[in-house]
Amino acid sequence: MNFHIMTLFPEMIKQGLETSILGRAVSGGYISIDAVNIRDYTVDKHKKVDDYTYGGGAGMLMQAQPIYDCYKAIEEKINGTENKKTKVIYVTPQGKVFNQQIAIELAKEDDLIFLCGHYEGVDERVLEEIVTDYISIGDYVLTGGELPAMVMIDAISRLVPGVLNNSDSAETESFQDGLLEYPQYSRPEEWMGKKVPEILLSGNHAKVDEWRLEQSKLRTMERRPDLYEKWVLEHPVVEKKKRRKK
Ligand code: ADE
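1. Some remarks on unusual backbone geometry
Backbone torsion omega between Arg-187 and Pro-188 reads 5°, so that peptide bond is classified as cis. Of note, Pro-188 is situated in the loop between helix H7 (169-172) and strand E8 (190-191). The backbone phi angle of Lys-47 is positive, close to 65°, even though this residue is not glycine. Mapped onto the fold, Lys-47 is located in the loop between strand E2 (32-37) and strand E3 (50-52).

2. Quick word on the packing of helix H1 (residues 10-17) against helix H6 (residues 146-157)
The N-to-C vectors of H1 and H6 enclose an angle of 30°; their axes lie 10 Å apart at closest approach. Here the hand of the crossing between H1 and H6 comes out right-handed. Contact residues: Met-12, Ile-13, Gly-16 and Leu-17 in H1; Glu-146, Leu-147, Met-150 and Ile-153 in H6. A breakdown of the residues in the contact of H1 with H6 according to their chemical character gives six nonpolar, one polar and one charged.

3. With respect to the domain arrangement of the protein
Under the domain assignment, the protein is made up of domain 1 (2-157) and domain 2 (190-245). Taking the mean C-alpha position of each, domain 1 and domain 2 sit 39 Å from one another.

4. Quick notes on the packing of aromatic side chains
Under the criterion given, the structure shown has four aromatic pairs. Geometrically, the ring pair formed by Phe-3 and Phe-114 is tilted, given 6.4 Å between the ring centres and 40° between the ring planes. Note that Phe-3 is positioned in strand E1 (residues 2-7) and Phe-114 in strand E6 (residues 111-116), a separation of 111 residues in sequence. Across the pair, Phe-114 and Phe-3 agree in class, each one buried.

5. Considerations on the pattern of salt bridges
Going through the model one piece at a time under the given rule, you end up with eight salt bridges. Lys-48 is the partner of Asp-51 in a salt bridge, and the nearest nitrogen-oxygen pair spans 3.3 Å. Assessed through its relative accessible area of 29%, Asp-51 is described here as partly exposed. For Asp-133, the salt bridge identified is with Lys-87, shortest N-O distance 3.8 Å. Of this pair, Asp-133 sits in strand E7 (residues 133-136) while Lys-87 sits in strand E5 (residues 87-97); the two residues are 46 residues apart in sequence, bridging distant segments of the chain.

Procedures and definitions
- Residues numbered from 1 in each chain as written.
- Predicted model: local features only at pLDDT ≥ 70, side-chain atom pairs only at ≥ 80, totals over all residues.
- Heavy atoms only, no water.
- Helix = DSSP H or I, 4+ residues; strand = E, 2+ residues; numbered from the N terminus.
- Axes fitted to C-alpha atoms, helices over the stretch in contact; angles between N-to-C directions.
- Left-handed = near helix turned anticlockwise from the far one by under 90°.
- Contact = heavy atoms within 4.5 Å.
- Nonpolar A, V, L, I, M, F, W, Y, C, P; charged D, E, K, R; others polar.
- Domains from an automatic or database assignment.
- Phe/Tyr/Trp six-rings, centres within 6.5 Å; stacked < 30°, edge-to-face > 60°.
- Buried < 20%, exposed > 50% of the residue type's maximum accessible area, 1.4 Å probe, protein only.
- Salt bridge = Lys/Arg side-chain N within 4 Å of Asp/Glu carboxyl O.

Right, dumping it as structure tokens:
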């Protein structure tokens, strides 16, 4: 999977994404991260990429031309002369809120282009021309789009086959099945007077799985009642059967 990021701060993206697990995924050829400097595409002789807003208002706006030319260069690199359209994600608080389901959908693409805004935003005309998806990472405002793009790229990358060592772990973690992850314990068996739950030492895998599902449900109910409600609606048979047994 190839990520192409249009940004004014390519170093930020490279430093943020080329360490740890994603660094290994890049070296292993499972993903590639191409941070492209929008400034390299400006035709302004002073290398300017922003200007004042028509109609007045505070702050500067990123201009259409450098972004459009940067996009065209990336699109050509990906698709050559083929008339294919790669998804272009503009990270913005005005977008739909990112979640695991969106990450799963986006992980199916071969290439993704991200546009990171700065200053007071981007000239609307270039957004209309190139953007396919407007995505936010939450209801708060950051200084630029680099961190949100990195958050999304991290969440998407770990779903790409080969990126995580243990193929199981992408599936059992929080959200993948709509519930939060159960509590986990490592050695020692007792720490600060707190013991590891007996069932986890029993070696009975079926019982352990049952306990973990129960814990996931309890935790989700307590910490994210909104997610729990949704999960119950999506698993009505299991829940009804259990209630009948009681
Ligand atoms: N840019 C600034 N704030 C943002 C947010 N919350 N999500 C995505 N992009 C942003």
